[in-house]
Amino acid sequence: MTSNTAAMTGSVGGQSTWTRMMSGQTGPVCVVLIALLVLWYVGAVFMNAPTQIDRYNRADQTWTTGQLIEDTLAQDRPILPAPHQVAVEMYHTIFAIKITSKRSLVYHSWVTLSSTLLGFGIGTLLGVLLAVGIVHVMTLEKSLMPWVISSQTIPILAIAPMIIVVLGAIGIKGLVPKAVISTYLCFFPVTISMVKGLRSPQVIQLDLMRTYNASKWQTFWQLRLPSAMPYLFASLKVAIAISLVGAIVGELPTGAQAGLGARLLAGSYYGQTIQIWSALLTAAFVAAILVVIVGWCERRVLVRMGVKS
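Keep in mind that what you see is a predicted model, and the values were worked out from it rather than measured. (Residues numbered from 1 in each chain as written. Predicted model: local features only at pLDDT ≥ 70, side-chain atom pairs only at ≥ 80, totals over all residues. Heavy atoms only, no water.)

## Description of unusual backbone geometry
We note that Asp60 has phi near 50°; this positive angle belongs to a residue other than glycine. Inspection of the secondary structure puts Asp60 in the loop between helix H2 (26–58) and helix H3 (65–72). One non-glycine residue with positive phi stands out, namely Asn213, at about 60°. Relative to the helices and strands, Asn213 is located in the loop between helix H9 (203–211) and helix H10 (216–251). Assessed through its relative accessible area of 68%, Asn213 is described here as exposed. (Helix = DSSP H or I, 4+ residues; strand = E, 2+ residues; numbered from the N terminus. Buried < 20%, exposed > 50% of the residue type's maximum accessible area, 1.4 Å probe, protein only.)

Below, the structure is given as structure tokens:
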């Protein structure tokens, strides 16, 4: 009886521990990460196996399943590199060489990040100004809003070379053309979200401001803008990520010598799939860090404005 009770207690305790782990964010994220790593390794084995078997046949070499798995995960130029190969490449290009070296992912990340932040800043400012104009001027809403929406129907891969060529023809090169592409991508979500946010106050709230004889300027600062802050920061998290994508896309048609896009191009030219994947994951980490920073700013600003306790 005592042993059964202890076993049941241990079972309940184990279940509660698992429940506590999965109730937060760390547990589910770890489970998903482990599942992705397993799938990645399995995919690497299956995709690299035909090439490795062909090598065995050319060398007239006998092989076992264990040897095949080991060799598919250690190829120099695999079709799909294994996670540990990408991790080693990232460690070498981030920590093992100087950040001023053109082989350093830190150097290339900074080049891409510079145009990302510039485009993000311009796009955010443009989006906010457009939203304010659309909300307060009926003519702008009818004339400008359809163009804002239709602008996003043009594929960025089609318009990016045009922007690079046109700006290059008038002598604008380097950072600015990539920032323009980032601006083109990120202003749209900011505009749409700010329009929704500035119109989020209820009619009774607007009537109350009129009762207090508040001007449009006072209504904007005291009511509309605080109400729009959650919408704005939600759009900024999207905008900062796609600004990074825009900067990378802007580096591709120019044959850039620096930036994460340049690393992707170089890896594609020379068949260095490990280099390609390391640049991709580095871009993902940079985007994640930027989103976290925007989230931190959101919490600080909303608490400061009294929108969020």
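Having seen it, we continue.
## Looking at the pattern of salt bridges
Counted according to the given criterion, the structure contains six salt bridges. The closest approach of N and O atoms between Arg58 and Asp54, which form a salt bridge, is 2.8 Å. One end of the pair is Arg58 and the other is Asp54, both in helix H2 and four residues apart, which spans about a single turn. Arg58 sits in the exposed class, given a relative accessible area of 69%. A relative accessible area of 35% places Asp54 in the partly exposed class. (Salt bridge = Lys/Arg side-chain N within 4 Å of Asp/Glu carboxyl O.)

## Observations regarding the packing of aromatic side chains
Counted under the stated rule, the structure contains six aromatic pairs. Both rings, one in Tyr91 and one in Phe95, keep their centres 5.6 Å apart while their planes meet at 40°; by these two values the pair is tilted. Judged by centre distance (5.6 Å) and plane angle (85°), the rings of Phe220 and Trp221 are edge-to-face. For Phe220, a relative accessible area of 12% translates into the label buried. Members of the aromatic cluster, joined through ring pairs, are Trp217, Phe220 and Trp221. (Phe/Tyr/Trp six-rings, centres within 6.5 Å; stacked < 30°, edge-to-face > 60°.)

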